[in-house]
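Coordinates in review
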Amino acid sequence: MLCSLLVWPAWSAEPIRIGVTGPFTGGSAPMGLSMRDGIRLAAQELNASGGVIGRPIMLIERDDEARNERGAQVIQELIEKDKVVAGLGIVNTGVALATQQIYQQARVPVITSVATGTFITKQFQPPRYPDNYVFRVSANDRVQAEMIVEEAVDRRGFTKIAIFHDATNYGQLGKLDLVHSLAIRGLGPAVIERFNLRDVDMTSHLRRARAAGVQAILTYGIGPELAHIANAMSVLDWRVPLIGSWTLGMSNFIDEAGPNAEGARMPQTYISEDTTARRSAFLTRYRETYGSERIPVPPAAAQGYDSMLVLAAAIRQAGDTEGEKIREALEGLKERVEGVVMTYDRPFSKTDHEAIDDTSIPYMGEVRNGQVVFAYDRDRLRASGQ
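Residues numbered from 1 in each chain as written. Predicted model: local features only at pLDDT ≥ 70, side-chain atom pairs only at ≥ 80, totals over all residues. Heavy atoms only, no water.

Turning our eyes to something else, we now look at the layout of surface pockets. As a volume, the largest pocket reaches approximately 520 Å³. Contributions of two or more residues to the lining of the largest pocket are made by helix H2 (68–80), helix H3 (93–106), helix H5 (169–184) and helix H7 (223–235). Of all the elements, H3 adds the most residues to the lining of the largest pocket, at three residues. Across the lining of the largest pocket, the residue classes break down as 11 nonpolar, 12 polar and six charged. By volume, the second largest pocket amounts to about 270 Å³. Elements represented by at least two residues in the lining of the second largest pocket include exactly helix H8 (251–257), helix H9 (277–290) and strand E15 (371–374). Broken down by element, the residue count for the lining of the second largest pocket peaks at three residues, all from E15. Of the residues that constitute the lining of the second largest pocket, the class distribution is eight nonpolar, five polar and four charged. (1 Å grid on protein atoms, 1.4 Å probe; cavity = no way out; pocket = protein on both sides within 12 Å on 5 of 7 lines; lining within 4 Å. Points joined across faces, edges and corners; volume = space filled by probe spheres on them. Helix = DSSP H or I, 4+ residues; strand = E, 2+ residues; numbered from the N terminus. Nonpolar A, V, L, I, M, F, W, Y, C, P; charged D, E, K, R; others polar.)

Another aspect to go through is the packing of aromatic side chains. Tallying each qualifying case throughout the model produces seven aromatic pairs. Ring centres 5.8 Å apart and planes at 85 degrees place the aromatic pair Tyr 270 and Phe 282 in the edge-to-face group. Within this pair, whereas Tyr 270 is found in the loop between strand E11 (265–268) and H9, its partner Phe 282 is found in helix H9, the two being separated by 12 residues in sequence. Both residues of the pair, Tyr 270 and Phe 282, count as buried. Between Phe 282 and Tyr 305 the ring centres are 5.1 Å apart and the planes differ by 65 degrees, which places this aromatic pair in the edge-to-face class. A residue pair is termed long-range when its members are at least 10 positions apart, and Phe 282 in helix H9 and Tyr 305 in helix H10 (residues 298–318) qualify at 23 residues. Judged by its relative accessible area of 4%, Phe 282 is buried. Taken together, the ring pairs connect Tyr 270, Phe 282 and Tyr 305 into an aromatic cluster. Over the ring of Tyr 376 we find Arg 265, and its NZ or CZ is 5.1 Å from the ring centre. Sitting over the ring of Tyr 133, Arg 327 keeps its end group 5.2 Å from the ring centre. (Phe/Tyr/Trp six-rings, centres within 6.5 Å; stacked < 30°, edge-to-face > 60°. Buried < 20%, exposed > 50% of the residue type's maximum accessible area, 1.4 Å probe, protein only. Lys NZ or Arg CZ within 6 Å of the ring centre and 35° of its normal.)

Across the six residues of strand E14 (residues 363–368), five count as buried, placing the element largely inside the fold. Of the strand pairs in this sheet, E11 and E14 are connected by four bridges, and their pairing is antiparallel. Of the residues in E14, the one forming a bridge with Gln 268 is Tyr 363. In this sheet, E15 lies alongside E14 in antiparallel orientation, the contact comprising four bridges. The residue of E15 that forms the bridge with Gly 365 is Phe 374. Here E14 folds back onto E15 in antiparallel fashion, the turn holding two residues, of which Asn 369 has a positive phi close to 50 degrees. (Pairing = 2+ DSSP bridges.)

Okay, empty space enclosed by the protein next. Counted under the stated rule, the structure contains two cavities of 30 Å³ or more. Of the voids in this model, the largest cavity is the one considered here, and its volume is about 70 Å³. Looking at the largest cavity, the residues that line it are Val 114, Thr 116, Ser 138, Ala 139, Gln 144, Trp 246, Pro 267, Gln 268, Thr 269, Pro 299, Gln 303 and Pro 362. If you list the elements that add at least two residues to the lining of the largest cavity, you get E11 and H10. Residues of the lining of the largest cavity, tallied by class, amount to six nonpolar, six polar and no charged. Looking at the second largest cavity, its volume works out to about 30 Å³. Forming the boundary of the second largest cavity are Thr 269, Tyr 270, Ile 271, Thr 275, Arg 279, Tyr 363, Phe 374 and Ala 383. Classifying every residue of the lining of the second largest cavity gives five nonpolar, two polar and one charged.

None of this, on its own, says anything about what the molecule does.
Have a look at this one:
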């Protein structure tokens, strides 16, 4: 366990204890660490400016190792032992679906900073449940799947599509969202290939796709396995576009695939360019604080940062740290929160706990020269407010 007050002036008030969980080790760690560092930056800013309702923010961080059982254990401890008043984080869809019921049952709000499975915020929706304590600031897979298929079919005209997905809840559910978006256009995948975590040989999957005349591969998986797909295409001397979920922007995909990552495209809520003063300040603070020019997974860092600011605004509005009051404040947030991903203007309601509901917020990113940039100039202009 790591407890962090981050900035600690001469406080006399009891700290506000916030649980932060994610994979800080293992294959999903680039996402988890980036998210954690973004949350820390926001908490530092809040504490440096006087805290929230006169109290400092204390982050209590736990590594869930991207494992459902571990996730349940650490969240139970955060609530029962550490007495957190809210939670931030959760990176993996499977972990979210298996563990957020603990927050729900305890009536402790959680803002999902990264996990994208479409069902995450719908698990406890009214009228079946009178109150839903699960909120989200990341772009869900329904939104991402629509962007992926729009890129492949509407913009680039591909009709013979393969779907490559991993065997996790994330991959399985993302596949279904892709199939749905294709079906809307009267298309079905020519090939669907499933692979397991830590699989390294993707040649047989790719041979089947090539034999089917596939023009593009749509992916739902985590960085290392996606790199094996890109590298295996090079070995087979067969190259078609990789268009997939936001994880194609992860550092471990880009680094492990090297030149074979070039041209891969994916939805991104945030791309590391100084398109606004707010984003420029965030990048500068990240680099100064962590001594790195590179954010391993920029959207995870930005979403983590924003989730902390949104939660703080809700606590200010509630004037209290009681779970029900924080939930009610989130559902009717009056303060406009200037985040890195977006400005949060009444982002949630009683029946809608998604801050991003459609494709108008994310951008299409592309790997160029080993980094994620805007795939389209019009998106760069949009990000700049032009």
